[in-house]
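Analysis of the macromolecular model
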Amino acid sequence: EVQLVESGGGSVQPGGSLRLSCAASGFTFSTYAMSWVRQAPGKGLEWVSSVNSGGGSTNYADSVKGRFTISGDNAKNTVYLQMNSLKPEDTAVYYCNAVRKTWEGTYWHDYDYWGQGTQVTVSP
């Protein structure tokens, strides 16, 4: 059974830090690109950051660049999101996402898994 379990959310004051974790199981973690996606109250999904399957390439939304850092540990099948200098606008449910595309001979098969989310609240 595929599982992505996020943890590390909570409430913090502006300027504070949190570290989110996403523990993966049920699939070959090292072959998947991992992302963090968030959803603020009353808004749609917003991509935050991604790391490729090899771990050598990371990308960030402009809104978090310079403040957030994504990293992965293949030995622990876990991806992290270190969040520093948090702002009230970072308040959201943060979801972990794993994706992989494989060629099946005549078509591409998309694997796309999501965690249940963890709440991050930034307020004075």
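Since this is a predicted model, take the numbers as computed values, not measurements. (Residues numbered from 1 in each chain as written. Predicted model: local features only at pLDDT ≥ 70, side-chain atom pairs only at ≥ 80, totals over all residues. Heavy atoms only, no water.)

The strand order across the open sheet formed by 4 strands is S1-S3-S8-S7, and the pairing between neighbours is antiparallel. At either margin of the open sheet sits one strand with a lone partner, and together these are strand S1 (3-7) and strand S7 (68-73). Taken over all neighbouring pairs, the strand axes of this sheet differ in orientation by 15 degrees on average, direction set aside. Both strand S3 (residues 18-25) and strand S8 (residues 78-83) contribute to a ladder of 6 bridges, which runs antiparallel. Its bridge partner being in S8, Ala23 is matched across the sheet by Thr78. (Pairing = 2+ DSSP bridges. Helix = DSSP H or I, 4+ residues; strand = E, 2+ residues; numbered from the N terminus. Axes fitted to C-alpha atoms, helices over the stretch in contact; angles between N-to-C directions.)

Met34, Trp36, Val79, Leu81, Met83 and Tyr94 are the most contacted members of the largest nonpolar core, which totals 28 residues. When contributions to this core are tallied by element, the ones reaching two or more residues are S3, strand S4 (33-39), strand S5 (45-51), S7, S8, strand S9 (92-103) and strand S11 (118-122). Discounting residues that sit within four places of it in the chain, Tyr94 has contacts with Glu6, Leu20, Trp36, Val37, Arg38, Val48, Phe68, Leu81, Met83, Gly117, Thr118 and Val120. (Core = buried A, V, L, I, M, F, W, Y, C linked by side-chain atoms within 4.5 Å. Buried < 20%, exposed > 50% of the residue type's maximum accessible area, 1.4 Å probe, protein only. Contact = heavy atoms within 4.5 Å.)

What the rule picks out here adds up to 5 aromatic pairs. Centroid distance Phe27 to Tyr113: 5.3 Å. Interplanar angle 45 degrees. Geometry classified as tilted. Placement of Phe27 in the loop between S3 and S4 and of Tyr113 in strand S10 (residues 108-114) is noted, with a sequence separation of 86 residues between them. The rings of Phe27, Tyr32, Tyr111 and Tyr113 are connected pair by pair, giving a single aromatic cluster. (Phe/Tyr/Trp six-rings, centres within 6.5 Å; stacked < 30°, edge-to-face > 60°.)

As a further point, take the state of the cysteines. For the coordinates displayed, the defined rule picks out 1 disulfide. Cys22 shares a disulfide with Cys96; S-S distance 2.1 Å. Note on the Cys22 and Cys96 pair: the S-S dihedral is about -80 degrees, so by sign convention the disulfide is left-handed. Taken as a pair, Cys22 in strand S3 and Cys96 in strand S9 lie far apart in primary sequence, 74 residues in all. The two residues Cys22 and Cys96 agree in class, both being buried. (Disulfide = S-S within 2.5 Å.)

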